[in-house]
Amino acid sequence: MNWLKAKIGEALAGTAPLSKKLLLLLGALIVAVVFVISSVANGGSAAQPVLLIESPPSTTIETAQIFVHVVGQVKQPGIYSLEAGSRLVDAIFAAGGFGADADQASINLARALSDGEQVLVLKIGEASSQNTSGSSASLISLNRANQAELETLPGVGPALASRIIDWRLANGGFKKKEDLLSVGGIGDKLFAGFKNLVTL
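Everything in this summary refers to the structure shown in the same document. (Residues numbered from 1 in each chain as written. Predicted model: local features only at pLDDT ≥ 70, side-chain atom pairs only at ≥ 80, totals over all residues. Heavy atoms only, no water.)

1. Some points on the overall build of the protein chain
Logical step 1: Scanning the protein chain from terminus to terminus reveals seven helices and five strands.
Logical step 2: From first element to last, N terminus to C terminus, the protein chain shows the α and β order α-α-β-β-α-β-α-β-α-α-α-β.
Logical step 3: Residue burial in the protein chain is summarised as follows: out of 200 residues, 29% are buried.
Logical step 4: Partitioning the contacts of the protein chain with sequence separation of at least 6, the portion at a separation of at least 24 is 42%. (Helix = DSSP H or I, 4+ residues; strand = E, 2+ residues; numbered from the N terminus. Buried < 20%, exposed > 50% of the residue type's maximum accessible area, 1.4 Å probe, protein only. Contact = heavy atoms within 4.5 Å.)

Following this line, the structure appears as C-alpha cells:
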C-alpha cells in the first residue's frame, strides 16, 4: 500500500509518469470502493432482478347444445337447451319435473336425446286409451309418435323405439312405411308384424 501511495505521489509531483499497471490498479480500487458504498446504501444486499412470467391466454371450451321440446305432464312445458349427450331425465328435470298426473312409465328416462326432438309425457291411462283397436285413430304415426307410443307396437322395445326416432330425425321423417326397414333391428318379419298398425 505504501508503494501505491509513493507512486501516486510521484505522478502528482510530475517526477514519474503513471504506468498502465498503476492505472489498472487505481481503476480496480475505484470500482471496489463504489461497490462497497452501493452495497451499504442498499442495506447490504444487491438488488435482485424481478422476473415477470406472462400467464398463457385463457381458453374457453364451449359444449355443444341441443334443443328439446318438452310437452305433456310436466310442471313447466317448453323448449329447453341442454348439453349434447343429455338424457331424457335431464329434459324432465329442466322442465321442473313430472306433473301430478304424469305416467312416468310412459317414457324411458335413460334414453339419449337428439337435437330438435319433442318429448311427450303422457297422463296416467292416456297411452291405453290411444290403442283402441278397430279405429283409424289407434294407428301409430311414424312421424309424430313419441317413445311410449312406438313401444306399444309388437316387438318394439325402448332401444328400437329410440332408433326409430333417431332415424326419423336424421332423415327428415318417414316417406313410406317401408322406410322402417332401414332402421337397424327391423327386419321383414318384425315389419310385417306391425306394418298395419302404423301410418305416416
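2. Some remarks on empty space enclosed by the protein
Logical step 1: In total, this model carries one cavity of 30 Å³ or more according to the counting rule given.
Logical step 2: Approximately 40 Å³ is the volume found for the largest cavity.
Logical step 3: As for the largest cavity, its lining consists of Leu-88, Ile-107, Arg-111, Glu-117, Gln-118, Val-119, Leu-120, Asn-146, Gln-147 and Ile-165.
Logical step 4: It is strand 3 (residues 118-121) that provides the largest number of residues to the lining of the largest cavity, a total of three residues. (1 Å grid on protein atoms, 1.4 Å probe; cavity = no way out; pocket = protein on both sides within 12 Å on 5 of 7 lines; lining within 4 Å. Points joined across faces, edges and corners; volume = space filled by probe spheres on them.)

3. Re the side chain of Ser-114
Logical step 1: With respect to the helices and strands, the residue Ser-114 is situated in the loop between helix 3 (88-94) and strand 3.
Logical step 2: For Ser-114, the side chain forms a polar contact with the side chain of Asp-166, separated by 3.0 Å. (Polar contact = N/O pair within 3.5 Å; in protein donor to acceptor, adjacent residues only side chain to side chain.)

4. Re the packing of aromatic side chains
Logical step 1: Applying the stated criterion to the full structure yields two aromatic pairs.
Logical step 2: With a centroid separation of 4.8 Å and 25° between ring planes, the pair formed by Trp-167 and Phe-174 is classed as stacked.
Logical step 3: Since its relative accessible area comes to 4%, Phe-174 is described here as buried.
Logical step 4: Where Phe-191 meets Phe-194, the ring centres are 6.4 Å apart and the plane angle is 80°; that geometry is what we call edge-to-face. Of this pair, Phe-191 and Phe-194 both sit in helix 7 (residues 188-194), three residues apart, roughly one helical turn. In this structure, Phe-191 and Phe-194 share a single accessibility class: buried. (Phe/Tyr/Trp six-rings, centres within 6.5 Å; stacked < 30°, edge-to-face > 60°.)

5. What about the nonpolar core?
Logical step 1: Grouped together as the largest cluster of nonpolar side chains are 18 residues, with contacts concentrated most on Leu-150, Ile-164, Leu-180, Ile-186 and Phe-194.
Logical step 2: Element by element, the count of residues in this core is highest for helix 6 (residues 158-171), at five residues.
Logical step 3: Not counting residues within four places of it along the chain, the set of residues in contact with Ile-164 comprises Leu-150, Val-156, Phe-174, Leu-180, Val-183 and Ile-186.
Logical step 4: Grouped together as the second largest cluster of nonpolar side chains are 16 residues, Val-70, Tyr-80, Leu-88 and Ala-102 included. (Core = buried A, V, L, I, M, F, W, Y, C linked by side-chain atoms within 4.5 Å.)

6. Here's the deal with the pairing of strand 3
Logical step 1: Residues Val-119 and Val-121 point to one face of strand 3 and are all buried, whereas Gln-118 and Leu-120, pointing to the other face, are not buried.
Logical step 2: As judged from the four bridges shared by strand 1 (residues 65-72) and strand 3, these two strands associate in the parallel manner. Bridging from a neighbouring strand, Gly-72 pairs with Val-121 of strand 3. (Pairing = 2+ DSSP bridges.)

7. Digging into the side chain of Arg-168
Logical step 1: Take Arg-168: it is sitting in helix 6.
Logical step 2: One buried charged side chain, Arg-168, makes no salt bridge at all; its nearest oppositely charged neighbour is Glu-117, positioned 6.5 Å away.
Logical step 3: In this structure Arg-168 touches Ser-141, Leu-142, Asn-143, Arg-144, Ala-145, Gly-173 and Phe-174, once residues within four positions along its chain are discounted. (Lys, Arg positive; Asp, Glu negative; His and termini not counted. Salt bridge = Lys/Arg side-chain N within 4 Å of Asp/Glu carboxyl O.)

8. Quick word on the pattern of salt bridges
Logical step 1: Considering all chains together, one arrives at two salt bridges under this definition.
Logical step 2: Its salt-bridge partner being Glu-117, residue Arg-111 comes within 2.7 Å of it at the nearest N-O pair. Each member of the pair Arg-111 and Glu-117 is classed as buried.
Logical step 3: One salt bridge in this structure joins Asp-179 and Lys-176, with 3.2 Å as the shortest N-O distance.
Logical step 4: Judged by relative accessible area, Lys-176 falls into the partly exposed class, the value being 45%.

9. Quick notes on the sheet that holds strand 2 (residues 78-83)
Logical step 1: In space, the three strands of this open sheet follow the order 2-1-3, with mixed pairing throughout. The sheet is open, and its two edges are formed by strand 2 and strand 3, each paired on a single side. The mean inter-strand angle of the sheet, taken between neighbouring strand axes irrespective of direction, is 30°.
Logical step 2: Bridge count for strand 1 against strand 2 is six bridges, and the pairing is antiparallel. Residue Val-68 lies in a different strand from strand 2, and its bridge partner there is Tyr-80. (Axes fitted to C-alpha atoms, helices over the stretch in contact; angles between N-to-C directions.)

These figures capture arrangement, not role.
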